[in-house]
Amino acid sequence: MRKTAGARPLTDEQRALAETCHPACYHYAGKWARSPADTDGLIEICIDALVRAARGYRPERGTKFISYAVRSMWNAVRTEYRRRHERAPRSPVVSLSTY
């Protein structure tokens, strides 16, 4: 996992975005985990990706933050599986109707 030591703190707007989508980390980590033992590690990866997404989000591009955040989380999970030399799960069909 990428180290975030020395990273700048989130602004109030970025923190609000991350807090709004925080439950999605638990939902998707549970969905993408291959076993119950994987879930905790994937939650950590998803939260880290959510924070990075909040820092990098640009609303002027016209994308909803949840869409950007879920894609960032998916990319981080996929990268972790590749780092472990495992085949990543198939790309998820994401339903954003609950957020």
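On a predicted model such as this, the values are computed, not experimentally measured, just so you know.

1. Here's the deal with the packing of helix α1 (residues 12–32) against helix α2 (residues 36–56)
Piece 1. One way to put it is that α1 packs onto α2 with a least axis distance of 8 Å and a crossing angle of 150 degrees. By the angle class used here, α1 and α2 are roughly antiparallel. The crossing of α1 and α2 is right-handed. Within the contact between the two elements, α1 uses Gln14, Ala18, Cys21, His22, Cys25, Tyr26, Ala29, Gly30 and Trp32 and α2 uses Thr39, Leu42, Ile43, Cys46, Ile47, Leu50, Ala54 and Arg55.
Piece 2. Of the residues assigned to the contact of α1 with α2, the class counts are 12 nonpolar, four polar and one charged.

2. Overview of the packing of α2 against helix α3 (residues 65–83)
Piece 1. Running from amino to carboxyl end, α2 crosses α3 at an angle of 135 degrees, the nearest separation of the two axes being 8 Å. The pairing of α2 with α3 is recorded here as oblique in orientation. Regarding α2 and α3, the two cross each other, and that crossing is right-handed. When α2 is examined against α3, the residues Asp38, Leu42, Ile45, Cys46, Ala49, Leu50, Arg52, Ala53, Ala54 and Gly56 are found in contact with a partner set consisting of Phe65, Tyr68, Ala69, Ser72, Met73, Ala76, Val77, Glu80 and Tyr81.
Piece 2. Split by residue class, the contact of α2 with α3 holds 14 nonpolar, two polar and three charged.

3. Thoughts on the pattern of salt bridges
Piece 1. Counted under the stated rule, the structure contains two salt bridges.
Piece 2. The salt bridge partner of aspartate 48 is arginine 52, with a shortest N-O separation of 3.2 Å. Of this pair, aspartate 48 and arginine 52 both sit in helix α2, four residues apart, roughly one helical turn.
Piece 3. Judged by relative accessible area, arginine 52 falls into the partly exposed class, the value being 27%.

4. Looking at the environment of aspartate 38
Piece 1. In this fold, aspartate 38 is placed in helix α2.
Piece 2. A residue is classified by how much of its surface remains accessible, and aspartate 38, at 14% relative accessible area, is buried.

5. Considering the nonpolar core
Piece 1. Grouped together as the largest cluster of nonpolar side chains are 27 residues, with contacts concentrated most on Trp32, Leu42, Cys46, Leu50, Phe65, Met73 and Val77.
Piece 2. Broken down by secondary-structure element, the contributors of at least two residues to this core are α1, α2 and α3.
Piece 3. Broken down by element, the residue count for this core peaks at nine residues, all from α3.

6. Some points on the environment of glycine 30
Piece 1. Its place among the elements puts glycine 30 in helix α1.
Piece 2. Here glycine 30 falls in the partly exposed class, since its relative accessible area comes to 41%.
Piece 3. Distance in space between the C-alpha atoms of glycine 30 and isoleucine 43 is 7.9 Å, their sequence separation being 13 residues.

Reading the values: rules and limits
- Residues numbered from 1 in each chain as written.
- Predicted model: local features only at pLDDT ≥ 70, side-chain atom pairs only at ≥ 80, totals over all residues.
- Heavy atoms only, no water.
- Axes fitted to C-alpha atoms, helices over the stretch in contact; angles between N-to-C directions.
- Helix = DSSP H or I, 4+ residues; strand = E, 2+ residues; numbered from the N terminus.
- Parallel < 35°, antiparallel > 145°, perpendicular 65-115°, else oblique.
- Left-handed = near helix turned anticlockwise from the far one by under 90°.
- Contact = heavy atoms within 4.5 Å.
- Nonpolar A, V, L, I, M, F, W, Y, C, P; charged D, E, K, R; others polar.
- Salt bridge = Lys/Arg side-chain N within 4 Å of Asp/Glu carboxyl O.
- Buried < 20%, exposed > 50% of the residue type's maximum accessible area, 1.4 Å probe, protein only.
- Core = buried A, V, L, I, M, F, W, Y, C linked by side-chain atoms within 4.5 Å.

Just distances and angles here, no functional claims.
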